[in-house]
Amino acid sequence: MPRGDIVAELQPLDVRSGERLRVRFETGVVGTPSTVRVGDGNDAVTYDVTGTPDDTFAVEWTLTPGRVRVTGDGVDKRGLGVVDFDGSAEVFVAVTYVQEGGATVTYRQEVAVEERGDTVRLVWPPEVEVCRLTPDCSYEGMWVDGGDYLSGVAVNQSVS
């Protein structure tokens, strides 16, 4: 059932490249942050959240040719903590919060990447989803700035 008029707004895409790209994915705190997952569709690694953020929680991750990993503070890796990819991939970072009663909210950021020799390229801005009770939103959870979300949901992202 539609909730009003939808006005489409085109946002230009940009290709960022370098030997190393650092991405910051800041999310609004909507419970207790539990895990951060990083993957490429074939492999994924999980980090446990160790910090206790106030209103927002920022995950910093680094992309180098053929590798992606979380590099910021407030998380502890399980296992190797690195995902390797060959050529091009769709890389994702998912931050999951656990709410009172056990319900979950997951923010998912996904970006197209490609390695070219000693450089890596990505398409910016990434796709962002926010979903409840599942780590993969499909099209149901597409992030729309100003959309109707659970109180506290917010997204801010940057790349350098």
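In this report, the structure presented in the accompanying data block is examined. Residue indices begin from 1 for each chain and proceed along its sequence in written order. Given that the model is predicted, a residue must reach a pLDDT of at least 70 before its local features are reported, and side-chain atom pairs must reach 80 or more before they are shown or counted; all residues, however, enter totals for whole chains, interfaces and linings. Processing note: side-chain calculations cover all non-hydrogen atoms of the structure and skip hydrogens and water entirely.

## With respect to the overall build of the chain
Under the convention used in this document: Only DSSP runs of H or I with at least four residues qualify as helices, and only runs of E with at least two residues qualify as strands; both kinds are numbered from the N terminus onward. Any residue under 20% of the maximum accessible area for its type is buried, any over 50% is exposed, and the rest in between are partly exposed; the area is computed with a 1.4 Å probe on protein chains only. Pairs of residues are marked as contacts when any of their non-hydrogen atoms sit within 4.5 Å. All accessible areas in this document rest on Shrake-Rupley with a 1.4 Å probe, and a residue is counted as covered only by the protein chains that are shown.
Scanning the chain from terminus to terminus reveals zero helices and 13 strands. Sequence-ordered secondary structure for the chain, helices as α and strands as β, is β-β-β-β-β-β-β-β-β-β-β-β-β. Residue burial in the chain is summarised as follows: out of 160 residues, 39% are buried. At a minimum sequence separation of 6, the contacts of the chain that also span at least 24 residues come to 64%. Carbon together with sulfur atoms contributes 45% to the accessible area of the chain, which is approximately 9400 Å² in total.

## Quick word on the side chain of Glu 26
The criterion, for reference: Pairs of N or O atoms are called polar contacts if they sit within 3.5 Å, as long as, within protein, a hydrogen donor faces a hydrogen acceptor (for residues adjacent in sequence, only side-chain-to-side-chain pairs).
Assignment of secondary structure puts Glu 26 in strand β2 (residues 21-28). Residue Glu 26 is classed as buried on the basis of its relative accessible area, which comes to 17%. In terms of polar contacts, Glu 26 uses its side chain to reach the side chain of Thr 56, at 2.9 Å.

## Structural notes on the side chain of Gln 99
Here Gln 99 shows up in the loop between β9 (88-98) and β10 (104-116). Residue Gln 99 is classed as buried on the basis of its relative accessible area, which comes to 15%. Once residues lying within four places of it in the same chain are set aside, the contact partners of Gln 99 are Val 30, Gly 31, Val 105, Arg 132 and Leu 150.

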